Structures are given as structure tokens and as C-alpha cells.
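Results of the structural survey
The lines below spell out each chain.
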Amino acid sequence: MSALIEEVRREIVDLHVFFTDWFTGKADRSELDERFISRLHPDMVFIPPEGNILRAAHLKMGFAKSYGANPNFRIQIRDVEIQHDFGDHILATYSEWQKGAKTSDQANNARLSSVVMAKGNPLIWVHLHETWLPEEVRASSSFGF
């Protein structure tokens, strides 16, 4: 496996570990900027499965309000792949499996995500688009994590 895919996988997993730590209240409140917001491009675009557009500032406000709000929340990242390497940017895909999600229609859900990251140390999230995985895909897999 190439060093780049390992770096991308580590970045995606590390950020989602922070999400779990944040929503369960395990992270320190002072870590929001360092472990999350600093990883986002200032004009970052996030399109969740519902289809609205959020920016980095929206995410910061939403996360600030949701600290510790979901003590049983878990995430597992699967199937990280680099789809395109554009020199200064990469496009990667991954699936995100959530267990115990309070703010989703289904507590156990899964989504396919496409992310554009600017290369550098660290990688910077520029654009993220999530789409719900179909019920048959969710039903054929396990939420035993």
C-alpha cells in the first residue's frame, strides 16, 4: 500500500475518532480547533446526505453545541480509496458506518463519502460530500463495532 493512501486513511480515521470522542464527551472541549477545525480549509464545503451545504464556520458552531450529546455514538471507517491524484489535491472515497447516531433518522446508518483534500502536512479537507448507502448494503453488513 502506498504511503499516500496510508496517510489519507490515517487522516480520515483520526478525524472520525475525534468525532466519536467529541460526541461522547471523551475529548477535551479545548480540542475542537486543534483536532477538527484546523484540518478544514476556511472555505471548506460539506454536503451531508440530506443535501444542504455547510461551511467550516457552520460545522464549528454545530460541534460546539453538540459536545457530549451522544454518549453511545460509534463510527467505523471502511473502504478508503484514492480515486484521483491531481498533484496538489486528491479525491478519496470511504464509507462511514455510524452506530447509535441520535441525530440521524436511523441510529445505525452508513454513508458513502467523497472527499477532496489539499496535500500538505497535514492534509486539509476542502470538500466533503456524503450519500446514504442503500438499505440492502447496510443490511448485508455488520454494526458490531
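Scroll up to find the structure this text is about.
Observations concerning the sheet that holds strand β3 (residues 74-85)
Spatial strand order, β2-β1-β6-β5-β4-β3: six strands in an open sheet with mixed pairing. Looking along the sheet, the strands with just one partner apiece sit at the ends: β2 (54-55) and β3. When β3 meets strand β4 (residues 89-99), the two strands line up antiparallel, connected through nine bridges. The residue bridging histidine 84 from the neighbouring strand is leucine 91, located in β4. Packing of helix α1 (residues 3-24) onto the sheet brings it into contact with β3, β4, β5 (109-118) and β6 (124-132), and relative to β3 it is tilted by some 150°. Its contacts with the sheet put helix α3 (residues 56-65) on β1 (40-47) and β2, and the angle it makes with β1 is roughly 80°.

Some points on the pairing of β6
Pairing between β1 and β6: four bridges, direction parallel. Residue pairing in the sheet places isoleucine 47 in a bridge with histidine 129 of β6. Pairing analysis gives eight bridges linking β5 to β6, with the strands arranged antiparallel. Paired with leucine 112 across the two strands is threonine 131, which belongs to β6. Counted along the chain from β5 to the antiparallel partner β6, the turn is five residues long, and its residue glycine 120 has a positive phi close to 155°.

Comments concerning the layout of surface pockets
Reported here for the largest pocket is a volume of approximately 750 Å³. In terms of lining, the largest pocket is formed by 31 residues, of which the most central are Phe23, Phe46, Phe63, Thr103 and Arg111. Looking at the lining of the largest pocket, the elements with two or more residues in it are α1, β1, α3, β4 and β6. A per-class count over the lining of the largest pocket returns 18 nonpolar, eight polar and five charged.

What about the nonpolar core?
Grouped together as the largest cluster of nonpolar side chains are 31 residues, with contacts concentrated most on Ile12, Phe36 and Trp125. Tallying contributions element by element places α1 first for this core, with eight residues. Among residues more than four places away in sequence, those in contact with phenylalanine 36 are Leu15, Phe18, Phe19, Glu31, Leu59 and Phe63.

What to know about α3
Within α3, the full set of buried residues consists of Ala56, Leu59 and Phe63. Down the axis of α3, the smallest arc covering the buried residues is 55°, so these residues share one side. In α3, the exposed positions that point more than 90 degrees away from the buried face belong to Ala57, Met61 and Lys65. Considering only its buried residues, α3 is in contact with α1, α2 (32-35), β1 and β2.

Quick notes on the side chain of histidine 16
For histidine 16, the position within the fold is in helix α1. Residue classification places histidine 16 among the buried positions, given a relative accessible area of 3%. Setting aside residues up to four positions removed in sequence, histidine 16 forms contacts with Ile75, Ile77, Tyr94, Glu96 and Trp125.

About the cut-offs
Residues numbered from 1 in each chain as written. Predicted model: local features only at pLDDT ≥ 70, side-chain atom pairs only at ≥ 80, totals over all residues. Heavy atoms only, no water. Pairing = 2+ DSSP bridges. Helix = DSSP H or I, 4+ residues; strand = E, 2+ residues; numbered from the N terminus. Contact = heavy atoms within 4.5 Å. Axes fitted to C-alpha atoms, helices over the stretch in contact; angles between N-to-C directions. 1 Å grid on protein atoms, 1.4 Å probe; cavity = no way out; pocket = protein on both sides within 12 Å on 5 of 7 lines; lining within 4 Å. Points joined across faces, edges and corners; volume = space filled by probe spheres on them. Nonpolar A, V, L, I, M, F, W, Y, C, P; charged D, E, K, R; others polar. Core = buried A, V, L, I, M, F, W, Y, C linked by side-chain atoms within 4.5 Å. Buried < 20%, exposed > 50% of the residue type's maximum accessible area, 1.4 Å probe, protein only. Arc of directions from axis to C-beta.

From the geometry alone we can't say anything about function, so treat these as descriptive.
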